[in-house]
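Working through the structure, step by step
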Amino acid sequence: MQASILVVDDDVNICELVRLYLEKDGFTVTAAHDGETALSLFRRSRPDLVVLDLMLPNIDGMEVCREIRKTASTPIIMLTAKGETLDKILGLEMGADDYLVKPFEPKELVARVKVVLRRTQLAPAEDEQVVTYPGLRISLVNYELTVGGKTVAIPPKELELLHHLASHPNRVYTREQLLEEVWGFDYFGDSRTVDVHVKRLREKLEGFEDGWQLKTVWGVGYKFEVKTLA
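Below, the structure is looked at part by part. The residue numbering used here restarts from 1 in each chain and proceeds along that chain's sequence as written. Predicted model: local features are reported for residues with pLDDT of at least 70 only, side-chain atom pairs are reported and counted for 80 or more only, and whole-chain, interface and lining totals are derived from all residues. Only hydrogens and water are set aside when side-chain values are computed; all heavy atoms of the structure are taken into account.

**Structural notes on the pairing of strand β6 (residues 130–133)**
Applied cut-off: Each residue is assigned to one of three classes by its accessible area relative to the maximum for its type, calculated with a 1.4 Å probe on protein chains only: buried under 20%, partly exposed between the two thresholds, exposed over 50%. Under the scheme used here, helices are H or I runs from DSSP no shorter than 4 residues and strands are E runs no shorter than 2 residues, and both carry numbers assigned from the N terminus. Strand pairing is defined by DSSP finding a minimum of two bridges between the two strands.
Only one face of β6 is covered, namely the one carrying V131 and Y133; the face carrying V130 and T132 has none of its residues buried. Inspection of the sheet shows β6 paired to strand β7 (residues 136–139) by 4 bridges, in the antiparallel sense. In the sheet register, T132 faces β7, and the bridge partner there is R137. Adjacent in sequence and paired antiparallel, β6 and β7 are bridged by 2 residues, among which G135 carries a positive phi angle near 75°.

Set out below in structure tokens:
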């Protein structure tokens, strides 16, 4: 069964153009032109991915993203009109998995949709799906993060990044390596994406580290440090 996509943009022409290209590739597409309708459609149909414009009437894209993230880890590709760094970072901090700057080529959007879906749907070998440390459990079986005994809502890409680092304790990764190994070699973003995701992960893990730590290696990148590991 092909994936279902919810496209949210107040420009009807953009929605129809995106629908045309996505349906041509076999996706099922639903469109909304304001934030309130988008949230209603999301709750009713639970799409596999959301393409979400920032500038929406009634409820803006940031608030829509925030509301979705309260209950679901559905991948979100955010559309930004200006392409300013602040817009991109805010979108990622709200839980978006990727962003695309307007004006954009519909074929590029389709490619990004495929990349994000591929990365979120691929599953590792059975014995590698769950990683545990004191006070921490990272599961790719049901995409669930447990910190201090409590389940924490987390976007798919954050979970995948943490799982990847925790699966290789004390190994240092550059940002470029993480983009290639977690996002995929054909990811369209830049290394700041990694920094934003690490920042959000630290907020979720703060105060629960017990012999482990998500650590910055200055001038290189990041590692999941386990102090008691031989």
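**Brief notes about the packing of helix α2 (residues 35–45) against helix α3 (residues 61–71)**
Threshold: Throughout, an axis means a line fitted to C-alpha atoms (over the contacting stretch in the case of helices), and angles, computed between N-to-C directions, take values from 0 to 180 degrees. Each angle gets one of four labels, with under 35 degrees taken as roughly parallel, over 145 as roughly antiparallel, 65 to 115 as roughly perpendicular, and the rest as oblique. With the far helix as reference, a near helix turned anticlockwise by less than a right angle produces a left-handed crossing, and one turned clockwise produces a right-handed crossing. It only takes one pair of heavy atoms within 4.5 Å for two residues to be counted as in contact.
One way to put it is that α2 packs onto α3 with a least axis distance of 10 Å and a crossing angle of 20°. One way to sum up the angle between α2 and α3 is to call them roughly parallel. Every pair of crossing elements has a handedness; the one defined by α2 and α3 is right-handed. Contact residues: α2 offers G35, L39, F42 and R43, while α3 offers V64, E67 and I68.

**Observations concerning helix α6 (residues 156–166)**
When you tally the buried positions in α6, you get 11 out of 11 residues, the bulk of the element. Those residues of α6 lying buried are P156, K157, E158, L159, E160, L161, L162, H163, H164, L165 and A166.

**As for unusual backbone geometry**
Backbone phi values are negative for most residues with the exception of glycine, while trans is the configuration of most peptide bonds. Following K102, the chain continues to P103 via a peptide bond in cis, the omega torsion being -5°. Residue placement: P103 occurs in the loop between β5 (98–101) and α5 (106–121). Positive phi outside glycine occurs at N58, with the angle close to 70°. Note that N58 resides in the loop between β3 (49–53) and α3.

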